[in-house]
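Report on the structure
Residue strings, one per chain:
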Amino acid sequence: MSTLRVTAERLTIHPHGNADALELAQVGLYRAVVGKGQFRTGDYALYIPEGSVLPDELIEELGLTGKLAGSARNRVKAVRLRGELSQGIVCVPRAVADVDLAEAHAQGRDFAEELGVTKWVPPVPGSMSGQVEPAADLIRWVEIEDIRRYPAIFEPGEPVVATEKIHGSACLLTRAGDRTYVSSKGYGFKNLALVHSPTNIYWRAVEAYKVAEAAKRIAEIYGAERVGVFGEVFGKGVQDLTYGADVKADRIGYAVFDVAIASETTPERWLDQSELADVLDKVGLPAVPRLYEGPYDEAKLMDLATGRETVSGTEAHLREGLVVRPAVERHSDITGGRAIAKFVSPAYLTRKNGTEYE
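This section reports on the structure supplied with the text. Along each chain, numbering runs from 1 in the same order as the chain's sequence is written. For this predicted model, a pLDDT threshold of at least 70 governs which residues receive local features, and a threshold of 80 or more governs which side-chain atom pairs are given and counted, while totals over whole chains, interfaces and linings are taken from all residues. No hydrogens and no water enter the side-chain calculation; it runs on all heavy atoms of the structure.

Considering the overall build of the protein
Rules: Think of it this way: any DSSP run of H or I at least four residues long counts as a helix, any run of E at least two long counts as a strand, and we number them from the N terminus. Using C-alpha atoms as the atom set, the radius of gyration is obtained and then compared with a globule rule of 2.2 Å times the number of residues to the power 0.38. A 1.4 Å probe rolled over the protein chains alone gives each residue an accessible area, and that area as a share of the maximum for its type sets the label: buried under 20%, exposed over 50%, partly exposed in between. Each accessible area is a Shrake-Rupley result for a 1.4 Å probe, and residues are judged covered by the shown protein chains and nothing else. Neither His nor the chain ends is counted toward charge; the positive residues are Lys and Arg and the negative residues Asp and Glu. For charged residues, the charge sits on one atom: NZ in Lys, CZ in Arg, CG in Asp, CD in Glu.
Scanning the protein from terminus to terminus reveals 9 helices and 24 strands. What you see for the protein is a C-alpha radius of gyration of 21 Å, in line with the 21 Å of a compact globule of 358 residues. When the backbone C-alpha atoms are referred to their principal axes, the protein occupies close to 60 × 40 × 40 Å. The buried share of the protein, reckoned over its 358 residues, is 51%. Counting every atom, the protein has about 16,400 Å² of accessible surface; 48% of that belongs to carbon and sulfur. Counting 42 positive and 51 negative side-chain charges, the protein places the centres of these two groups 5 Å from one another.

Quick word on the packing of helix α6 (residues 211–222) against helix α7 (residues 273–283)
Operational definition: All axes are obtained by fitting lines to C-alpha atoms, using only the stretch in contact for helices, and the reported angles, taken between N-to-C directions, cover 0 to 180 degrees. Working definition: roughly parallel below 35 degrees, roughly antiparallel above 145 degrees, roughly perpendicular at 65 to 115 degrees, and oblique for all remaining angles. Each helix crossing is assigned a hand: it is left-handed if the near helix lies turned anticlockwise from the far helix by less than a right angle, otherwise right-handed if that turn is clockwise. In this analysis, two residues are considered to be in contact whenever any of their non-hydrogen atoms come within 4.5 Å of each other. Amino acids are sorted into nonpolar (Ala, Val, Leu, Ile, Met, Phe, Trp, Tyr, Cys and Pro), charged (Asp, Glu, Lys and Arg) and polar (every other residue, Gly among them).
Direction vectors running N to C along α6 and α7 enclose 125°, while the axes themselves pass 10 Å from each other. Judged by the angle between their axes, α6 and α7 are oblique. The handedness of the crossing between α6 and α7 is right-handed. Contact with α6, carried on its side by A214, R217, I218, I221 and Y222, involves E275, V279, K282 and V283 of α7 and no other residues of that element. Residues of the contact of α6 with α7, tallied by class, amount to 6 nonpolar, no polar and 3 charged.

So, the pairing of strand β21 (residues 321–326)
Applicable threshold: Between any two strands, pairing holds if DSSP finds at least two bridges.
Counting buried positions along β21 gives 6 out of 6 residues, so the element sits mostly inside the fold. Pairing between strand β13 (residues 159–165) and β21: 6 bridges, direction antiparallel. From the neighbouring strand, V161 faces β21, where its bridge partner is R325. Bridge count between β21 and strand β24 (residues 341–344): 4 bridges; the pairing is antiparallel. Across the sheet, the residue bridging to V323 is K342, located in β24.

What about the nonpolar core?
Applicable threshold: Side-chain atoms within 4.5 Å link the members of a nonpolar core, which is a set of buried Ala, Val, Leu, Ile, Met, Phe, Trp, Tyr and Cys residues.
Membership of the largest hydrophobic core comes to 33 residues, with the highest contact counts inside it found for V227, V229 and V233. The set of elements that each furnish at least two residues to this core consists of β14 (169–176), α5 (201–208), α6, β17 (226–234), β18 (253–262) and α7. Ranked by residues supplied to this core, first place goes to α6 with 6 residues. Counting residues in each nonpolar core, the second largest holds 29 residues, with A176, A245, W270 and Y348 among its members.

Here's what the structure looks like:
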């Protein structure tokens with residue numbers, strides 16, 4: 001999921017097309033189902049995003065006992081309520097009854113810790129975990145925010161590139177001098193690398209696709225001291241969407257979605273999209289499919305995020321969504337980091353028996 005923050009947001013209220021007693025409260029581009037008359041346009045309330053885990057007391061206070069996801073019925077998940085997609089929870093708990101929520105919004109105050117709301121971390125299968133070691137030179141991956149939460153990340157008409165978001169597991173490889181570090185997104189956030197193991201899916205993928213050798217060539221091309229190659233490992237045995245690949249049958253899927261370079265005198269730099277395509281072609285690494293290049297058009301990209309996947313060549317199942325980046329890398333004041341966002345398909349969010357391993 002994206003960065004967990006529980007914030008005060010200004011609401012826009014819309015009618016619910018299929019229920020007289022319900023309405024839709026809009027936060028950014030998200031919409032959450034609320035009781036009719038509970039809020040008015042211009043009101044401020046807390047927004048608890050999907051992927052949050054709520055404490056029992058808050059669940060009871062909000063009248064959500066037994067209605068949330070997970071074995072403990074405590075996880076916020078996107079659902080369809082009377083035909084309308086509802087993402088997250090809009091509420092004003094007793095704990096913030098005396099708080100000026102408009103001021104809290106202006107301050108960017110985060111209420112997650114105060115309310116006991118935590119980020120859901122899915123259990124990791126044994127094939128995706130293993131013995132770890134400190135890796136200070138590892139180039140970490142970044143959290144990608146959902147465009148529905150932060151719709152102002154891109155400017156209308158700005159040149160962008162949209163790639164298909166593959167539902168697998170992010171594999172981080174950093175080549176630093178003669179050392180190769182391999183990690184997952186979750187371990188990478190902790191500056192930990194996985195010790196080599198022939199049964200670990202990340203190591204199996206990077207060895208099958210000769211990613212370390214490719215990273216060495218990228219280092220030579222750019223004169224870099226460190227190179228980070230970020231790819232998606234996918235297939236049966238990784239997540240519920242397989243794209244025709246099968247880890248157990250030694251048909252591991254792998255596709256690169258980003259490359260970063262760094263040196264002692266130069267901070268980490270993410271390659272522009274034209275650079276990325278060129279260098280992956282030179283070193284022979286597969287890339288995630290590009291589905292759009294052109295001016296930023298929110299409606300067009302929202303529509304493109306749905307449909308069937310293009311990874312397998314057979315449209316075997318639904319598309320998870322898109323990852324959108326500027327054609328030329330830049331900083332975003334909205335995210336405080338890279339200008340990058342995901343557009344997630346509603347059908348993906350509400351599919352049955354989905355997995356979300358990191």
